[in-house]
Amino acid sequence: MKHSGFKTVVCNFLFLLEAALLFFLLSAAIQGSIGLLAALGYAGGSFVGVNLLAALLTAQPARAAARRRSAAHPKVPLRVVPGRRHAA
């Protein structure tokens with residue numbers, strides 16, 4: 001398995017784990033078995049953690065897409081032509 005594929009699998013697993021933990025923690029806060037301040041603190045930390053995971057997931061494909069885009073479209077030199085004529 002390639003490194004980027006492994007990273008994607010691990011990050012997706014961490015997304016699901018984080019969502020499940022957040023669901024259980026917030027439902028426990030609603031029931032009153034855990035403090036609301038602790039649940040809100042965990043939700044804030046969870047928000048930051050999920051954003052970091054999303055940044056890890058999107059960092060590699062964006063660089064690869066930029067490499068593919070630059071290879072597929074070679075640079076074309078442009079000329080400025082005075083007046084309303086077209087460049088030949």
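The structure under discussion appears in the preceding block.
Only a predicted model underlies this, so the values are computations on that prediction, with no experimental measurement involved. (Residues numbered from 1 in each chain as written. Predicted model: local features only at pLDDT ≥ 70, side-chain atom pairs only at ≥ 80, totals over all residues. Heavy atoms only, no water.)

Looking at this structure, how should I read the overall build of the chain?
Of regular secondary structure, the chain possesses two helices and zero strands. For the chain, with 88 residues in total, the buried portion stands at 11%. Across the chain, the fraction of contacts at a sequence separation of at least 24, relative to all contacts at a separation of at least 6, is 55%. Summing over all exposed atoms, the chain offers an accessible surface of approximately 7400 Å²; the carbon and sulfur share of this is 71%. (Helix = DSSP H or I, 4+ residues; strand = E, 2+ residues; numbered from the N terminus. Buried < 20%, exposed > 50% of the residue type's maximum accessible area, 1.4 Å probe, protein only. Contact = heavy atoms within 4.5 Å. Areas by Shrake-Rupley, 256 points an atom, 1.4 Å probe, with all protein chains shown as cover.)

Which parts of the structure should I look at to understand the side chain of Glu 18?
Along the polypeptide, Glu 18 turns up in helix α1 (residues 3–31). Within the local environment of Glu 18, its side chain forms a polar contact with the side chain of Ser 46, the two groups lying 2.8 Å apart. Beyond its immediate stretch of four places on either side in the chain, Glu 18 contacts Tyr 42, Ser 46 and Val 50. (Polar contact = N/O pair within 3.5 Å; in protein donor to acceptor, adjacent residues only side chain to side chain.)

For this particular structure, what's the right way to read the environment of Ala 38?
Looking at the secondary structure, you find Ala 38 in helix α2 (residues 36–72). The class for Ala 38 is partly exposed, based on a relative accessible area of 46%. For Ala 38 and Leu 26, which are 12 residues apart along the polypeptide, the C-alpha to C-alpha distance reads 9.6 Å.

Is there a simple way to explain a nonpolar patch on the surface in this structure?
Together, Phe 6, Val 10, Phe 13, Leu 14, Leu 17 and Leu 21 line one region of the surface with nonpolar side chains, adding up to about 530 Å² of accessible area. Relative to the helices and strands, Phe 13 resides in helix α1. According to the relative accessible area criterion, Phe 13 is exposed, its value standing at 55%. (Patch = residues over 30% accessible without salt bridge, like charges linked within 9 Å, V, L, I, M, F, W, Y side chains within 5 Å. Salt bridge = Lys/Arg side-chain N within 4 Å of Asp/Glu carboxyl O.)

I tried to follow the environment of Gly 35 on my own but got confused; where do I start?
Checked against the element boundaries, Gly 35 lands in the loop between α1 and α2. With relative accessibility at 40%, the residue Gly 35 sits in the partly exposed group.

Looking at this structure, I do not really get the side chain of Ser 46. What am I missing?
As for its position among the elements, Ser 46 is in helix α2. Apart from residues lying up to four places away in sequence, Ser 46 is in contact with Glu 18 and Leu 22.

Would you take a moment to explain the environment of Ala 19 for this structure?
Mapping Ala 19 onto the fold places it in helix α1. The spatial distance from the C-alpha of Ala 19 to the C-alpha of Ser 46 is 8.6 Å, given a sequence separation of 27 residues.

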